[in-house]
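# Observations on the model geometry
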Amino acid sequence: MKKFDVLNQIASTGVVAVVRAESTEKGLKISEACIKGGVTSIEVTYTVPGAGEIISSLCKAYAGDKNVMIGAGTVLDSETARSAILNGAKFIVSPCFDEEVALLCNRYQVPYVPGTQTVREVKMALDYGCDVIKLFPGDILGPRFVKDVKGPLPYANLMPSGGVDVNNIADWIKAGVVAVSAGSSMTAGAKTGDYEAVTQMAAKFIEEVKNARASLKK
């Protein structure tokens, strides 16, 4: 799959689900519940036991669905990035910028989405070819930070992560982000085994993104 196809799909859906779980089985169930709800960009974090196995299983299960993008999150080094890519990950996400990960992902034409907190870090990510840049932690930076970044760097495609929920999605979209990333606010139902609640919340995220984007066109 081409790099721009992955990026276009993430931007089109507007939501990336961050999957954290205590077991491989739970990680798979959360991912499937999110996809069922319409959030088809899945970031399986490497804090989940058997993360590589989950990525591989999901990639095989949804191989015929071009809308489903399985990626890897909490990638801290190039070794983990390469392993994730070999398991089928279509995009790589980190909590902070790493030069070696950026170079490796560029080499294999896999989107790298690093976490940033300053304009300087956003510029560095752009210098290393990052097409989408994560703002982390989003609950600390806030939507206003997006406008501040886009003043000097209007072409930066930003995606907040941390503290994003259905009540503040509109604020982020109106500030100019290309997509949002959400974890516990979407997947909380999994803690009690209520995966249907995860599916319903995923659907709400998709609806809120659509509504927010539609309001910008009025």
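Up top is the structure.
This report concerns the structure included in the present document. Computed from a predicted model, the values in this text were never measured in an experiment. (Residues numbered from 1 in each chain as written. Predicted model: local features only at pLDDT ≥ 70, side-chain atom pairs only at ≥ 80, totals over all residues. Heavy atoms only, no water.)

### A word on the pairing of strand S1 (residues 15–19)
Our working definition: Note on classification: 1.4 Å probe, protein chains only; a residue is buried when its accessible area is under 20% of the maximum for its type, exposed when over 50%, partly exposed between these limits. Secondary structure counts use DSSP, requiring at least four H or I residues in a row for a helix and at least two E residues in a row for a strand, with both numbered from the N terminus. By the convention used here, strands pair only if DSSP detects at least 2 bridges between them. A crossover counts as right-handed when, viewed with the strands pointing away from the observer, the path leading from the first strand over the helix to the second turns clockwise.
The element S1 is extensively covered by neighbouring structure, given that five of its five residues are classed as buried. Taking every second residue as pointing to the same face, both faces of S1 are buried, with Val15, Ala17 and Val19 on one and Val16 and Val18 on the other. Two strands pair when backbone bridges link them, and S1 and strand S8 (residues 180–182) are joined in this way by three bridges, in the parallel orientation. Within S8, the position partnered with valine 16 by the bridge is serine 181. With four bridges joining them, S1 and strand S2 (residues 41–45) adopt parallel strand pairing. Looking at the pairing, alanine 17 lines up with isoleucine 42 of S2. The parallel pair S1 and S2, bridged by helix H2 (residues 24–36), forms a crossover whose chirality is right-handed.

### Section: the state of the cysteines
Heads up, the condition is: By disulfide we mean two sulfur atoms from cysteines, separated by a distance within 2.5 Å.
One pass over the full model with this rule turns up zero disulfides. Cysteine cysteine 34 remains unbridged, with the sulfur of cysteine 59 as its closest cysteine sulfur at 15 Å. Here cysteine 130 stays unpaired: no disulfide links it, and the sulfur of cysteine 105, its closest cysteine neighbor, is 8.1 Å away.

### Some points on the side chain of asparagine 168
The criterion, for reference: By the criterion applied in these results, polar contacts are pairs of N or O atoms within 3.5 Å in which, for protein atoms, one can donate a hydrogen and the other can accept it, and in which residues neighboring in sequence qualify only through two side-chain atoms.
Among the structural elements, asparagine 168 can be located in the loop between strand S7 (158–160) and helix H9 (169–175). Only 3.0 Å separates the side chain of asparagine 168 from the backbone nitrogen of aspartate 165, close enough to count as a polar contact.

### What about unusual backbone geometry?
For the bond from phenylalanine 136 to proline 137, the omega torsion is -5°, close enough to zero to count as cis. By the secondary structure assignment, proline 137 is in the loop between strand S6 (133–135) and helix H7 (138–141). Within the chain, threonine 74 stands out as a residue other than glycine whose phi angle is a positive 50°. Topologically, threonine 74 is positioned in the loop between strand S3 (69–73) and helix H4 (78–86). Here threonine 74 falls in the buried class, since its relative accessible area comes to 19%. Its identity as a non-glycine residue notwithstanding, glutamine 109 has a phi of 55°, on the positive side. On the secondary structure map, glutamine 109 appears in the loop between helix H5 (99–107) and strand S5 (112–116).

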